[in-house]
Each structure stands twice: as structure tokens, then as C-alpha cells.
Amino acid sequence: LRISHEILELLIFAGRRLAKDAVTIRPAHFHSAKIYHQQFSCLDPRREGQLIALIRDTENDHLADVSWAIDLGCLRDDRTGEVVSWDPDIQIFALTPNLQNHFLFLTDAYHESVWREVSSCRFRIDWDCFQGRYSGRTIDPAAPTRPA
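I will try to describe carefully the structure that is included in this document. Quick caveat: nothing in here was measured; it's all calculated off a predicted structure.

Scoring rules and cut-offs
- Residues numbered from 1 in each chain as written.
- Predicted model: local features only at pLDDT ≥ 70, side-chain atom pairs only at ≥ 80, totals over all residues.
- Heavy atoms only, no water.
- Pairing = 2+ DSSP bridges.
- Helix = DSSP H or I, 4+ residues; strand = E, 2+ residues; numbered from the N terminus.
- Axes fitted to C-alpha atoms, helices over the stretch in contact; angles between N-to-C directions.
- Parallel < 35°, antiparallel > 145°, perpendicular 65-115°, else oblique.
- Contact = heavy atoms within 4.5 Å.
- Nonpolar A, V, L, I, M, F, W, Y, C, P; charged D, E, K, R; others polar.
- Buried < 20%, exposed > 50% of the residue type's maximum accessible area, 1.4 Å probe, protein only.
- Core = buried A, V, L, I, M, F, W, Y, C linked by side-chain atoms within 4.5 Å.
- Left-handed = near helix turned anticlockwise from the far one by under 90°.

On to the sheet that holds strand β2 (residues 41-42). On the basis of which strands lie adjacent, the open sheet formed by three strands has the order β1-β4-β2 and antiparallel pairing. The outermost strands of the open sheet, each flanked by one partner alone, are β1 (22-25) and β2. Inspection of the sheet shows β1 paired to strand β4 (residues 91-94) by four bridges, in the antiparallel sense. Pairing of Ala22 across the sheet is with Ala94, part of β4.

Two numbers describe how helix α4 (residues 63-71) lies on helix α7 (residues 127-135): the axes approach to 10 Å, and their chain directions differ by 80°. When the axes of α4 and α7 are compared, the pair comes out roughly perpendicular. Along its contact with α4, which presents Asp65, Val66, Trp68 and Ala69, the element α7 presents Trp127, Phe130 and Tyr134. The class makeup of the residues in the contact of α4 with α7 is six nonpolar, no polar and one charged.

As for its placement among the helices and strands, Asp78 is situated in the loop between β3 (75-77) and β4. We classify Asp78 as partly exposed; its relative accessible area is 40%. Between the C-alpha atom of Asp78 and that of Ile125, which follows or precedes it by 47 residues, the distance is 8.7 Å.

In terms of nonpolar packing, the biggest core is built from 19 residues, with Phe30 and Ile70 touching the most fellow members. Mapped by element, the contributors of at least two residues to this core are α2 (30-36), α3 (45-57), α4, β5 (123-125) and α7. Contacts of Phe30, omitting those with residues within four sequence positions, involve Leu51, Leu54, Ile55, Thr58, Leu63, Val66, Ser67, Ile70 and Trp86. The next biggest cluster of nonpolar side chains, apart from the first, holds eight residues, and it includes Ile12, Ile25, Phe93 and Leu95.

So, about the packing of α3 against helix α6 (residues 108-120). For the pair α3 and α6, the least separation of the axes is 7 Å and the interaxial angle reads 40°. In terms of their interaxial angle, α3 and α6 are classed as oblique. As α3 packs across α6, the resulting crossing turns out to be right-handed. Contacts between α3 and α6 involve Pro45, Arg46, Glu48, Gly49, Gln50, Ile52, Ala53 and Arg56 on the former and, on the latter, Tyr110, Ser113, Val114, Trp115, Glu117 and Val118. Per-class residue counts for the contact of α3 with α6 are seven nonpolar, three polar and four charged.

Structure follows, in C-alpha cells:
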């Protein structure tokens, strides 16, 4: 429907109006996590590092294809070749100054954990796996053509 940004703005507005500290989401799919990552941070620094690494390692690929490939089990750890499953972390958008400062000026330990994870993670999409699983799918005509 392409209204996710408007809905997100509404949630942020409602959170501020209700004097909440933050808006949190748990994106079900990679494409949502990547899009929201522009404004949201993962609560867990290791998961933040993994998300940054996954975004880095798939930046030259089409976002919808990457998201489908991950959903179809075709994401691999580039160093071991093992399948990596998508397990979304809570992403947070800070609304209050104290919480904004927490995420803007996080401790050195948080930053070290994020960048240690970024440097240790390498991901790749197994495009042969994707072609086989995507083309072998039984399409329900009533189902959306892209992951939600």
C-alpha cells in the first residue's frame, strides 16, 4: 500500500502527544528493517552490528529480492556458508531528549560492540538457492506479490 511512512509518522506523532519515551517496532522482514533503520536503532548493539553488516553486504542487490531471499532461507554466513535465519530485533525511535541522547551518544562499550559485530559479520545471498526456491513456489493468486 506504500503508506508505511505515513503510518510511522502517525505513530511518532501519537507517541509524542501521549508523552511516551519511544516508538518501537519489530520488523518482520529485512526490507522493513532496512527502511526503518534510517530513523530507528536496534536495541541490542550486536543486532545493530549484524543489521549494518547485512545492509552493507547486500547494498548492490535489489532490496525486494534480498528480502525474498532471506525469507526463503537463502541468506548465508559468507565465512562458514551456513544458513542465517532472519530473527528481527526490536528497533527503537527515541522521542524524549534523554533517550535520544542515549542513542546518539551511546557508550563506548555499545559502539565497540556494534563495530566488532560489523567487522566480524559477512553475509551473502545464495542466488542459486533463491532461483530454485522462488521459481518453485506455488503462488496463491490472492497473496501479495512481495513480502509484507
